[in-house]
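Each chain, letter by letter, is given below.
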Amino acid sequence: MTTDELYARHVIPSYGRFPLTLARGAGTRVWDEDGRAYLDFTSGIAVNSLGHAHPAMQKALAAQSATLIHTSNLYLTRPQAELAARLDGLVGTHGKIFFSNSGAEANEGLYKLARKHGAPSGRHEIITLEGSFHGRTLAGIAATGQAKVKLGFEPPVAGFVNVPATLESVQAAVNDRTAAILVEPIQGEGGVRPLDAGFVRGLRALCDAHGMLLLYDEVQCGLGRTGDWCGWHATGAPEAVPDGISWAKGIGGGFPLGAFWARDRATAGGGSLADLLGPGTHATTYGGSPLACAVALAVLDTIEKESLLANTRERSAQLREAVTALASPVIRGIRGAGLLLGIEIADFRWRGQTGPDGKTPALRLTLKLLERGLLVVPAGETVIRLLPPLNVRAAECDEAVTILRDTLALAEPLS
Ligand SMILES: Cc1ncc(COP(=O)(O)O)c(C=O)c1O
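Sequence order sets the numbering: in each chain, residues are counted from 1 along the sequence as written. For a predicted model such as this one, the threshold for reporting local features is a pLDDT of at least 70, and the threshold for listing and counting side-chain atom pairs is 80 or more; totals across whole chains, interfaces and linings nevertheless cover every residue. To get the side-chain values, all heavy atoms of the structure are used, and hydrogens and water are removed first.

### Comments concerning the site of the ligand
By convention in this text, a residue qualifies as near a molecule or strand provided that one of its non-hydrogen atoms is within 4 Å of it. Close to the ligand lie 13 residues; Gly103, Ala104, Glu184, Asp217 and Gln220 are nearest. Between Gly103 and the ligand, the recorded distance is 2.8 Å, taken from a backbone N or O atom to an oxygen atom. N or O atoms within 3.5 Å of each other form a polar contact, as long as, within protein, one can give a hydrogen and the other can take it, and as long as residues adjacent in sequence are counted only when both atoms are side-chain atoms. For the ligand, an oxygen atom lies 2.8 Å from a polar atom in the backbone of Ala104. Tallying contributions element by element places helix H5 (residues 103-118) first for the shell around the ligand, with three residues. Numbering goes from the N terminus for both helices and strands, where a helix is a DSSP run of H or I of at least four residues and a strand is a run of E of at least two.

### What to know about the domain arrangement of the protein chain
Segmentation into domains, and thus their bounds, comes from an automatic or database assignment. Each assigned domain of the protein chain is listed with its residue range as follows: domain 1 (3-53 + 307-413) and domain 2 (68-305). Look at where the C-alpha atoms of domain 1 and domain 2 centre, and you get two points 28 Å apart. Of the charged contacts, one joins Glu189 and Arg385 as a salt bridge, the two residues approaching to 2.8 Å between their closest N and O atoms. Sorting the residues of the side of domain 1 that touches domain 2 by element identifies helix H2 (43-46), helix H11 (308-325), strand E13 (331-337), strand E14 (340-345) and strand E18 (383-386) as the ones contributing at least two each. The class makeup of the residues in the side of domain 1 that touches domain 2 is 16 nonpolar, nine polar and four charged. For this analysis, a salt bridge means a side-chain nitrogen from Lys or Arg found within 4 Å of a carboxyl oxygen belonging to Asp or Glu. As a working rule, the residues Ala, Val, Leu, Ile, Met, Phe, Trp, Tyr, Cys and Pro are called nonpolar, Asp, Glu, Lys and Arg charged, and the rest polar, with Gly in that last group.

### Let's talk about the layout of surface pockets
A volume near 880 Å³ is recorded for the second largest pocket. Residue lining of the second largest pocket: 37 residues in total, with Asn73, Gln80, Ile97, Phe98 and Phe99 positioned closest to the centre. Looking at the lining of the second largest pocket, the elements that each hand over two or more residues are helix H4 (78-91), strand E4 (95-100) and strand E12 (258-263). Residues belonging to the lining of the second largest pocket are distributed by class as follows: 17 nonpolar, 17 polar and three charged. A pocket, in this scheme, is an open set of points on a 1 Å grid over the protein atoms alone with protein on both sides within 12 Å along at least 5 of 7 lines, while a cavity is a set where a 1.4 Å probe fits but cannot get out; residues line either one if an atom lies within 4 Å of a point. Grid points are joined across faces, edges and corners, and a volume is the space filled by probe spheres set on the points.

### Considerations on the nonpolar core
Membership of the largest hydrophobic core comes to 79 residues, with the highest contact counts inside it found for Phe41, Leu87, Ile181 and Trp247. It is helix H10 (residues 290-305) that contributes the most residues to this core, eight residues altogether. Residue contacts are counted whenever heavy atoms from the two residues lie within 4.5 Å of one another. Not counting residues within four places of it along the chain, the set of residues in contact with Ile181 comprises Ile127, Val170, Leu203, Leu206, Cys207, Met212, Leu213, Leu214 and Leu215. Grouped together as the second largest cluster of nonpolar side chains are 17 residues, Tyr111, Ile126, Phe160 and Leu182 included. Nine residue types can take part in a nonpolar core, namely buried Ala, Val, Leu, Ile, Met, Phe, Trp, Tyr and Cys, and a core is a set of them joined through side-chain atoms within 4.5 Å. For every residue, the accessible area obtained with a 1.4 Å probe (protein chains only) is divided by the maximum for its type, and the residue is called buried under 20%, exposed over 50%, and partly exposed between those limits.

### Description of the sheet that holds strand E2 (residues 29-32)
Adjacent strands of a sheet form backbone hydrogen bonds with each other and so pair up, either parallel or antiparallel. Strand pairing is assigned whenever DSSP detects at least two bridges linking the two strands. With mixed pairing, the four strands of this open sheet are ordered in space as E1-E2-E3-E16. On the outer flanks of this sheet lie strand E1 (22-26) and strand E16 (374-375), each paired with one strand and no other. Examined bridge by bridge, E1 and E2 share four bridges and lie antiparallel to one another. Its bridge partner being in E2, Arg24 is matched across the sheet by Trp31.

### Overview of the packing of H11 against helix H13 (residues 394-408)
Note on method: axes are straight lines fitted to C-alpha atoms, helices fitted across the in-contact stretch only, with angles between N-to-C directions ranging 0 to 180 degrees. Relative to each other, H11 and H13 sit at 25°, their axes nearing to 10 Å. The angle between the axes of H11 and H13 places the two elements in the roughly parallel class. Once H11 is placed against H13, the crossing between them reads as right-handed. Only Ala394, Cys397, Asp398, Val401 and Leu404 of H13 make contact with H11, whose side of the interface consists of Arg315, Gln318, Leu319, Ala322 and Val323. Throughout, the term roughly parallel applies to angles under 35 degrees, roughly antiparallel to angles over 145, roughly perpendicular to angles from 65 to 115, and oblique to all others. Left-handed describes a crossing in which the near helix is turned anticlockwise from the far one by less than a right angle; the clockwise case is right-handed.

Given below as structure tokens:
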């Protein structure tokens, strides 16, 4: 049976997948089963920070797997201790880390931190923003501010309030049950929408005034993707240090790992927020395995050694400039930070296309780019995301923009 046939027969069809079976990758390139090459500007949705098959990851995987792969969290391991110290150092304000396996699970930890923090004063509600995305667990879809992810999975988990991304709306939603505000500093799935500095500062002040936690979901925008270790710095309000941060995606460069950080600050009960989740309150069998942590340490080391934060900022500027210079009538703008870039597109049709094709503009363009050898990720109906690895080269960015230019030359805007 072909790969397609095996999927159709044996894999639950919960994903709208592209018609492409990938067989291998190296750097910014992947190859399909027939040996055709594609430029990968998806990085497995902002995950493969070092691209495919990076030697530093191969080395860390091989060395650690020959020593100790998994122990559970019944015991201490050196890689977990070192990675926690390293991540805490990157935040620049002292806190402590809990390791999970994915982004949704990292956020679950933040929800539990918020509830535990609010419980003594009867507070449990978490305010999140419309357009946000926080994962596909039941609490994750309740937190997510998009109706489509909730549909058919009612009743929603109680205690989440989704509001428009304005300070007035958040303020109006705060009440004596509110424990925390959770935001993505740059909304990724929602269309690459950075929050602005004034809004983020306002959220920090609101949380301080009401004894609420400010939580950042940096699963997509954190740990280098924006050209900075801290995703919220891209909003222009680096001083708005949160009380909790979730990470996943880029942290393991492709090896599944998630984590959350809780700030070392006093709580109403007297202890530190970083110590609030005491023994027996939260756990996972796999989270923070020596193998995952050794790989994550190698990823962070490589980002530092190869100056990949600087490369991220430089390639970002190059892509923004080149995409803007295309002056295509189909492109409405490019936004984001670092290598988390979103191109807003107008509705369009292909020259010679007769009648509607039932696709969103983002999907229509993504499929054509794939045909022409460039992989990108849609975000919503009108945005395509460029998410190349942090070590993408200048020539690869030129190549991607050339494919985009030649493809857009086949399109005509509908309005
Ligand atoms: C901001 C954000 N939070 C959470 C998640 C969920 O992460 P995961 O798919 O690893 O559960 C995602 C995934 O796209 C995300 O972009």
